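Structure assessment
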Amino acid sequence: MSVQKFVSKATFEFGRRLFGEQVRREPATLKDQYRKFQYYQTTHYKLGLMEHDRLYGDNPVIKEAMRRLRITEPEVWDERSFRISRAINFDIKKMLLPKDEWVEYEQDVPYLQPFLAEIEREQDEERHWKKVLG
């Protein structure tokens, strides 16, 4: 078993609970194909990072989503922290992970998405009630 599969086990399980067996399907539309093309134009997947690993807490919505992830899914949070520290270490050394440990587009789990959607709904509801109550 490679390190990547071990490191991302809880993240993959969390993604399967949320999105079903296949997190990302093969791109069907031109927009999805372009999104996959953009994914492979970056180098974060070669360092073992998932797309949401690159988000950080300057934005209050992202900061709150990460706080909720840390509380509800501590294993996913720990894996995220490990992936980030490993990527920093490899980047400092000007190295990439072995090709079998790269994160493929189909394996990339958007694990912050449910938290971001929930926060957006809460903000919409809060704006609605502020408008209604004056």
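It should be noted that the structure appears before, not after, this text.
Structural notes, computed from the coordinates. (Residues numbered from 1 in each chain as written. Predicted model: local features only at pLDDT ≥ 70, side-chain atom pairs only at ≥ 80, totals over all residues. Heavy atoms only, no water.)

**A look at the overall build of the protein chain**
- Helices and strands together make up the secondary structure of the protein chain, namely six helices and zero strands.
- For the protein chain, the sequential pattern of α-helices and β-strands runs α-α-α-α-α-α.
- Oriented by its inertia axes, the alpha-carbon framework of the protein chain measures out at about 55 × 35 × 25 Å.
- Split into buried and exposed, the 134 residues of the protein chain put 36% on the buried side.
- Expressed as a percentage of contacts within the protein chain between residues at least 6 apart in sequence, the contacts between residues at least 24 apart total 81%.
- Carbon and sulfur atoms make up 56% of the accessible area of the protein chain, which totals about 8,900 Å².
- Of note, the protein chain has its 25 positive side-chain charges centred 3 Å away from the centre of its 24 negative side-chain charges. (Helix = DSSP H or I, 4+ residues; strand = E, 2+ residues; numbered from the N terminus. Buried < 20%, exposed > 50% of the residue type's maximum accessible area, 1.4 Å probe, protein only. Contact = heavy atoms within 4.5 Å. Areas by Shrake-Rupley, 256 points an atom, 1.4 Å probe, with all protein chains shown as cover. Lys, Arg positive; Asp, Glu negative; His and termini not counted. Charge placed at Lys NZ, Arg CZ, Asp CG, Glu CD.)

**Some thoughts on a nonpolar patch on the surface**
- A contiguous nonpolar surface patch, about 350 Å² in accessible area, is contributed by W129, V132 and L133.
- The topology assignment puts L133 in helix α6 (residues 113-133). (Patch = residues over 30% accessible without salt bridge, like charges linked within 9 Å, V, L, I, M, F, W, Y side chains within 5 Å. Salt bridge = Lys/Arg side-chain N within 4 Å of Asp/Glu carboxyl O.)

**A closer look at the nonpolar core**
- Within the largest apolar cluster, 25 residues are counted, with the highest numbers of intra-cluster contacts made by M50, A65, L69, Y111, L112 and F115.
- Elements represented by at least two residues in this core include exactly α2 (9-19), α4 (60-72), α5 (74-92) and α6.
- Filtering out sequence-adjacent residues up to four positions away, F115 remains in contact with F14, A65, R68, L69 and T72. (Core = buried A, V, L, I, M, F, W, Y, C linked by side-chain atoms within 4.5 Å.)

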